[in-house]
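# A structural walkthrough
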Amino acid sequence: MRVLVIDVLGKSPARDPYARMMRANNTSLMAQSIAVWCEALGHETHIAYYSGDELMAGHAPDRPAVVFISAFSQCAYLAYALSARYRAAGAITVLGGPHARSYPLDALKYFDYVIGQCDHRLIEALLSGCCSHPEGGQWLASATQPVTLPGLRARWKFLAPAMARSPLLKIVPIIGSLGCPYTCSFCIDAAVPYQPLDFDSLRDDLRFFQSLRLRGAVVVWHDPNFGIRFDDYMRVIEDTVPPGTVTFLIETSLSILNTERLERLRRNGCRFVAPGIESWTEMGNKAKTARVTGLDKVRMVAEQCREVNAYIPYMQANLVFGFDSDEGDAPFELTRRFVDLAPGVYPHFAVLTAFGRNAPGNAGYLRDGRLLPVPFEFLDLIEAMNVRPKHYAWDDFYTHLCRVYEHAFAPSAIARRAWHNRRSPIALEQVFRAVASDHWNRLRYHRRMQRWLRTDRQVRAFFEGETTRIPDVMAAQVTRHLGSLVSWLPDGALIHDPDQFGASVAERGTA
């Protein structure tokens, strides 16, 4: 059969300078794996990368028999529209990725199949007997995670078109483990057991990456938490490539980053690390501050981050606002103190978002009546929360949030960050990112949401839970971003039921 795999990289075409530079690097390793498995089964397989309604890279052939689409929830409407267009032409459509795991009951209305956990055996079974399900799709999921995934050598054919669209910086994904040992209540990986992948495959990934000799290319480890088996992974790197010849990026926890390990990471080419701090009152295990909160935690974490930043030039600290433990100005003021105490660290902020059934804590928000049917378009950890804050009025929350952004990305803060990291060209990227992404875009999103809540009665009534009618200004943004595909968005797709927990997917979602 002719098979098309679509990887949705963004919900709208890349317009601002930072998005144009980075969008092609948002590729999904799993979409490439699906393409490898389909081709290995003998099917004519193509991959296409979409940013909004624009085909950004790859090839979308005429009349594919089966179309796989991988999408985050923020790109769900684009995925729904693409599915409708291909189904009208006779194709069978399959959704995978984070949205499929988060909102399967909603997605089953618009696809023939929706996939949760997936391995090559599931793909083989699906393709051997797939058929259309116009009255409601079928849910499929493997019993466990895949034991192995295709390596970079096998995936490169399908990854290369996206890398060709990223001339300045090519971020090449590899992965060494699945799942995570931590149990953060908001995280999709919290319920997924930690599982290391084959070390020999990782060695081949690194050798193949070196053989490509790509200008401006770095390796990003897609592990939810790199370095849980730190010595094993570092031995793979050290045994395979000469020290410092491959630049790589990781996401990990502060708890594993002692001085000896930081030196080892630096020596072997690690130039970016993004630990999850998350909250000043919760989840201290990730930063070895389980019994410390408030200002004491800020000081302790800032000291840890300064040490990390002394070894790793790009140190990003991830923080989330809106937890139930947040109250008053404290979490925001503590964040401002952290920015001042760790001036070389790049702060990355998100707002609490409950992505359907993908995390253990989300059912509690539903029971409390605080979960809102915010359109998927806005569920990007930035533009809108879909959980009513426990201790804040909406206007107060966004006032605090905007002040944090104004402090963290003020010209003086950007200049201090650049000065602390001046010995690395990374400092220039941080300035560009701070201005083009966080200050121009993300702060603008929060100010816009605050303005809507203050001046638009529809928005205020929706976020107060008085109505489920989607506000006109939010619907208009969806229409604008879908562009030429807006006519394919199914009727009623903007409205979804936030209850993804009342019954099993098999009971409520299959034809």
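Before reading on, note that the structure itself is shown above.
Residues numbered from 1 in each chain as written. Predicted model: local features only at pLDDT ≥ 70, side-chain atom pairs only at ≥ 80, totals over all residues. Heavy atoms only, no water.

## With respect to the pattern of salt bridges
Definition in use: The term salt bridge refers to a side-chain nitrogen of Lys or Arg lying within 4 Å of a carboxyl oxygen of Asp or Glu. The helix count covers DSSP runs of H or I at least four residues long, the strand count covers runs of E at least two residues long, and both are numbered beginning at the N terminus. Relative accessibility thresholds used throughout: buried, under 20% of the residue-type maximum; exposed, over 50%; partly exposed, between the two (1.4 Å probe, protein chains only).
Taken as a whole, this structure holds 26 salt bridges when the rule is applied. For Arg266, the salt bridge goes to Glu263, with nearest N and O atoms at 2.6 Å. Pair noted here: Arg266 and Glu263 are both in helix 10 (residues 259-267), with a separation of three residues, about one helical turn. On the accessibility criterion, Arg266 (34% relative accessible area) is partly exposed. Glu263 sits in the partly exposed class, given a relative accessible area of 28%. Arg416 is the salt-bridge partner of Asp340, the closest N and O atoms lying 3.6 Å from each other. With Asp340 in helix 12 (residues 330-341) and Arg416 in helix 15 (residues 411-420), the pair connects residues that are 76 residues apart, well separated along the chain. Ionic contacts of the salt-bridge type, sharing partners, join the residues Lys11, Asp380, Glu383 and Arg448 into one network.

## Points about the sheet that holds strand 2 (residues 44-51)
Applicable threshold: In this analysis, strands are considered paired if DSSP registers two or more bridges between them. Angles run from 0 to 180 degrees between N-to-C directions of axes, and those axes are lines fitted to C-alpha atoms, restricted for helices to the stretch in contact. Residue contacts are counted whenever heavy atoms from the two residues lie within 4.5 Å of one another.
Spatially, the seven strands line up as an open sheet ordered 3-2-1-4-5-6-7, and their pairing is mixed. Since the sheet does not close on itself, it has two edges, and those belong to strand 3 (54-58) and strand 7 (138-140), each with one partner. Here the average twist between neighbouring strands, direction ignored, is 25°. Relative to strand 6 (residues 113-115), strand 5 (residues 92-96) is paired through two bridges, and the arrangement is parallel. Bridge pairing in strand 6 links Leu95 to Val114. Together, strand 1 (2-10), strand 2 and strand 4 (66-70) form the strand contacts of helix 2 (residues 29-40), whose direction differs from that of strand 2 by roughly 165°. Packing against the sheet, helix 3 (residues 76-88) makes contact with strand 1, strand 2, strand 4 and strand 5, and its axis sits at approximately 155° to strand 1.

## Comments concerning the nonpolar core
Here is the rule: Here the nonpolar core consists of buried residues drawn from Ala, Val, Leu, Ile, Met, Phe, Trp, Tyr and Cys, with membership extended through side-chain atoms lying within 4.5 Å.
Ranked by internal contacts, the top residues of the largest apolar core, which has 133 residues, are Ile6, Tyr80, Trp221, Leu265, Phe338 and Phe463. Excluding residues that lie within four positions of it along the chain, Trp221 makes contacts with Ile174, Ile175, Gly176, Leu202, Phe226, Tyr233, Ile237, Phe248, Leu249 and Ile250. Counting 33 residues, the second-largest nonpolar core is a separate cluster that includes Ala24, Phe68, Tyr113 and Leu178.

## A word on the pairing of strand 1
Sheet faces and side chains relate simply in a regular strand, where the side chains alternate between the two faces. For strand 1, the buried fraction is high: eight of the nine residues fall into the buried class. By the bridge criterion, eight bridges tie strand 1 to strand 2 in an arrangement that is parallel. Bridging from a neighbouring strand, Val8 pairs with Tyr50 of strand 2. Judged from the five bridges that link them, strand 1 and strand 4 form a sheet pairing that is parallel. By the bridge assignment for strand 4, Leu4 is matched with Val67.

## Considerations on the environment of Leu78
The residue Leu78 is located in helix 3 in this model. Taking the relative accessible area as the measure of exposure, Leu78 reaches 2% and is therefore buried. Taking the C-alpha atoms as reference, Leu78 lies 19 Å from Gly116; in sequence the two are 38 residues apart.

## Topic: the packing of aromatic side chains
For any two aromatic rings, the description comes down to two numbers: the centre-to-centre distance and the angle of the planes. Put simply, the rule reads: Classification of ring pairs uses Phe, Tyr and Trp, with its six-membered ring standing for Trp, and accepts pairs whose centres are within 6.5 Å; under 30 degrees between planes counts as stacked, over 60 as edge-to-face, and the remaining range as tilted. Working rule: Lys NZ or Arg CZ, within 6 Å of ring centre, within 35 degrees of ring normal, means a charge sits over the ring.
A complete count under the given rule lists 29 aromatic pairs for this structure. Plain terms: the ring middles of Tyr80 and Tyr110 are 4.4 Å apart, the flat faces sit at 35° to each other, and that makes the pair tilted. Of this pair, Tyr80 sits in helix 3 while Tyr110 sits in the loop between helix 5 (104-107) and strand 6; the two residues are 30 residues apart in sequence, bridging distant segments of the chain. Just as Tyr80 is buried, Tyr110 falls in that class too. Taken together, a centroid distance of 6.4 Å and an interplanar angle of 50° make the contact between Phe226 and Phe248 tilted. On the criterion of sequence distance, the pair formed by Phe226 in the loop between strand 11 (217-221) and helix 9 (230-240) and Phe248 in strand 12 (residues 248-250) is long-range, its members being 22 residues apart. As far as the burial class goes, Phe226 and Phe248 line up, both buried. In this arrangement the basic side chain of Arg85 is found over the ring face of Tyr86, its NZ or CZ atom lying 5.2 Å from the centre. Between Arg417 and the ring centre of Tyr346, over which it is positioned, the NZ or CZ distance is 5.3 Å.

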